[in-house]
Amino acid sequence: MKLFKRPPLIGVDSDAALSEARALMARHVTQPSRRAFMQRSLTMGGLSMLTGCSISSNADVETALSRISRFNDTVQGWLFDPNKMAPTYPESMITRPFPFNAYYGESEVREVDEASYKLEVTGMVADKRSWTLPELRAMAQQDQVTRHICVEGWSAIGKWGGVPFSEFLRRIGADTSAKYIGFKCADDYYTSIDMPTALHAQTLLALTYGGQPLPPKYGFPMKLRMPTKLGYKNPKHIKAIFVTNTYPGGFWEDQGYNWFGGS
Ligand SMILES: Nc1nc2c(c(=O)[nH]1)N[C@H]1C(S)=C(S)[C@@H](COP(=O)(O)O)O[C@H]1N2
Ligand SMILES: [Mo]
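This one's a predicted model, so the numbers in the text were calculated from it and none came from an experiment. Within every chain, residues take consecutive numbers counted from 1 along the sequence as written. Think of it this way: whatever chain is written first is A, whatever ligand is written first is 1, and the rest follow in order. In keeping with the model being predicted, local features are shown solely for residues with a pLDDT of at least 70 and side-chain atom pairs are shown and tallied solely at 80 or more, while totals for entire chains, interfaces and linings include all residues. Each side-chain value is worked out from all heavy atoms of the structure, with water and hydrogens disregarded.

Chemist: Could you clarify how one ought to interpret the pattern of salt bridges in this entry?
Modeler: Between side chains of opposite charge, a pair can form when the charged atoms approach closely. Here a salt bridge means any side-chain nitrogen of Lys or Arg lying within 4 Å of a carboxyl oxygen belonging to Asp or Glu. Counted by the stated rule, this structure contains 9 salt bridges. Where R137 meets E114, a salt bridge forms, and the shortest distance between an N and an O atom there is 3.1 Å. Of this pair, R137 sits in helix α5 (residues 133-137) while E114 sits in the loop between α4 (58-79) and β1 (120-123); the two residues are 23 residues apart in sequence, bridging distant segments of the chain. Burial status follows relative accessibility: with a 1.4 Å probe on protein chains alone, a residue under 20% of its type maximum counts as buried, one over 50% as exposed, and anything between as partly exposed. For R137, a relative accessible area of 38% puts it in the partly exposed group. For E114, a relative accessible area of 41% puts it in the partly exposed group. Here E167 and R170 are joined by a salt bridge, their closest N and O atoms 2.9 Å apart. Residue E167 and its partner R170 are located together in helix α6 (residues 165-171), separated by 3 residues, close to a single helical turn. Note on R170: relative accessible area 57%, which makes it exposed. Strands are runs of DSSP state E lasting at least 2 residues, helices are runs of H or I lasting at least 4, and numbering of each runs from the N terminus.

Chemist: Hey, could you run me through the packing of aromatic side chains in this one?
Modeler: For any two aromatic rings, the description comes down to two numbers: the centre-to-centre distance and the angle of the planes. Each Phe, Tyr or Trp ring, with Trp reduced to its six-membered ring, pairs with another whose centre is within 6.5 Å; inter-plane angles below 30 degrees give stacked pairs, above 60 give edge-to-face pairs, and intermediate values give tilted ones. According to the stated counting rule, one finds 19 aromatic pairs in the structure shown. When the NZ atom of lysine or the CZ atom of arginine is within 6 Å of a ring's centre and also within 35 degrees of its normal, the charge is said to sit over that ring. Above the plane of the ring of W160 lies R225, whose end atom (NZ or CZ) is 4.3 Å from the centre. Positioned above the aromatic ring of F260, the side-chain terminus of K229 is 3.4 Å from the ring centre.

Chemist: It is not clear to me how the site of ligand 1 should be interpreted in this structure. Could you clarify?
Modeler: In these notes, residues near a molecule or strand are those with any non-hydrogen atom within 4 Å of it. Taken together, 21 residues lie around ligand 1, and P99, Y103, D187, N234 and K236 are the ones closest in. Between ligand 1 and P99 there is a distance of 2.8 Å, counted from an oxygen atom to a backbone nitrogen or oxygen. At 2.6 Å, a side-chain N or O of K236 approaches an oxygen atom of ligand 1. Relative to its unbound accessible area of 540 Å², ligand 1 is 99% covered by the protein chains. Here a cavity denotes grid points, spaced 1 Å and computed from the protein atoms alone, that fit a 1.4 Å probe unable to get out, and a pocket denotes an open set having protein on both sides within 12 Å along at least 5 of 7 lines; residues with an atom within 4 Å of a point are the lining. A cavity or pocket is said to hold a molecule if more than half of that molecule's atoms lie within 2 Å of its grid points. Among the cavities detected, the one that contains ligand 1 is the second largest pocket. Per-class residue counts for the shell around ligand 1 are 12 nonpolar, 5 polar and 4 charged. Polar contacts, as used here, are pairs of N or O atoms within 3.5 Å; protein pairs need one atom able to donate a hydrogen and one able to accept it. Residues neighboring in sequence count only if both atoms are side-chain atoms. Surface exposure here means Shrake-Rupley accessible area, sampled with a 1.4 Å probe, where a residue is shielded only by the protein chains that are shown. Following the grouping adopted for this structure description, the nonpolar residues are Ala, Val, Leu, Ile, Met, Phe, Trp, Tyr, Cys and Pro, the charged ones are Asp, Glu, Lys and Arg, and the polar ones are all others, Gly among them.

Chemist: Even after reading the chapter, I still don't get the nonpolar core, so can you show me in this structure?
Modeler: Across soluble globular proteins, you tend to see nonpolar side chains buried next to one another. Membership of the largest hydrophobic core comes to 30 residues, with the highest contact counts inside it found for L119, F165, F168, I181 and L205. Mapped onto this core, the elements with two or more residues apiece are α5, α6, β4 (180-185), α7 (195-198), β6 (204-209) and β9 (238-244). By definition in these notes, contact holds between two residues if any of their heavy atoms fall within 4.5 Å. Once residues within four sequence positions are removed from consideration, F165 is found in contact with I181, F183, A198, T203, L204, L205, L224 and I241. Residues grouped as a nonpolar core are buried Ala, Val, Leu, Ile, Met, Phe, Trp, Tyr and Cys residues, joined through side-chain atoms within 4.5 Å. Counting 10 residues, the second largest nonpolar core, distinct from the first, contains I94, I157, Y209 and L214.

Chemist: What is the right way to read the layout of surface pockets from this model?
Modeler: Unfilled space is identified by rolling a water-sized probe across the atoms. Grid points are joined across faces, edges and corners, and a volume is the space filled by probe spheres set on the points. Here the second largest pocket is characterised by a volume of approximately 380 Å³. Here the lining of the second largest pocket is composed, by residue class, of 17 nonpolar, 5 polar and 5 charged.

Chemist: Any chance you could explain the packing of helix α3 (residues 44-51) against α4 here in plain terms?
Modeler: The geometry of a pair of packed helices is captured by two quantities: the angle between their axes and the separation between those axes. In this description, a line fitted to the C-alpha atoms serves as the axis of each element, helices being fitted only across the stretch in contact, and the angle between N-to-C directions of two axes falls anywhere from 0 to 180 degrees. Remark: α3 packs on α4, axes separated minimally by 9 Å, with the N-to-C direction vectors making an angle of 55 degrees. One finds that α3 runs oblique with respect to α4. For the crossing formed where α3 meets α4, the hand is left-handed. Packed against α3, whose contacting residues are M44, L47, L50 and T51, the element α4 presents V61, A64, L65, R67 and I68 at the interface. Class assignment of the residues belonging to the contact of α3 with α4 gives a composition of 7 nonpolar, 1 polar and 1 charged. Any angle that is under 35 degrees is reported as roughly parallel, and any over 145 degrees as roughly antiparallel; angles of 65 to 115 degrees are reported as roughly perpendicular and all others as oblique. Each helix crossing is assigned a hand: it is left-handed if the near helix lies turned anticlockwise from the far helix by less than a right angle, otherwise right-handed if that turn is clockwise.

Chemist: Help me out: how do you make sense of the sheet that holds β1 in this one?
Modeler: Strands pair in a sheet through their backbones, by hydrogen bonds, and they do so in one of two ways: parallel or antiparallel. At least two DSSP bridges between two strands are required for those strands to pair. In space, the 4 strands of this open sheet follow the order β1-β9-β4-β5, with mixed pairing throughout. Either end of the sheet is taken by a strand with one partner, and the two such strands are β1 and β5 (190-194). Taking each pair of neighbouring strands and ignoring which way they run, the sheet shows an average axis angle of 20 degrees. Pairing between β4 and β5: 5 bridges, direction antiparallel. Opposite I181, over in β5, you have I193 as the bridge partner.

All quantities given are derived from atomic positions and should not be read as evidence of function.
See the structure below:
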């Protein structure tokens, strides 16, 4: 049998593309045996077969990789177990000081005015009324000591308190058959999450850090805290929440970070 070697792809650094694809697989294909198999066996032909993209330029490689990433969102959604809790820790293990991170430096942290603040609620909900901070503080609160994991290579344990997000969704009459919840932030950050994660018992509309009102650097007046998701999925300075079936993307997600972003 004679084997034909594929002609080289014009303008495509195939080694770099393949190592990027392998890294992506390593991060996003969660089953170890499958991950090992894909990392060993992935070729440019395989990448195009997997994704149904014909690959003849760097742009095509990008398209193929983002198609894999969107596929992995679906798979991660299937694998996500709504009853599985992220680990919790004793208060003695809290990281001090807890790190700050944002797409800008700490000197540029947004100051949100407490008195005029209102949380806007729109989309597939029965009650589109805006919420004030005192109204949110009047709801039953819960604490958690959990680990925040950032893809930039650090993790830290912190203590957040606030309203269980599932309870908030119930109060606003959210259509829980909708696919997405989107978040708009006071600093122009934005992200969105899947409904099962929104309803997860550890997903918190966090109003406090360390028992005190959330300081500006950690997202005053509120952030969404999800110990089942990576740091970039946890929006700070939330000013609007919307329930939708239209994919809303996110600040980093639109630049290639995986959308599901489970930890
Ligand atoms: N509004 C807003 N939320 C954000 C970000 C941001 O830049 N703006 N960065 C995200 C990232 S990448 C991380 S790791 C965490 C950092 O949260 P921390 O400052 O509480 O550690 O916030 C996430 N949420
Ligand atoms: Mo992050």
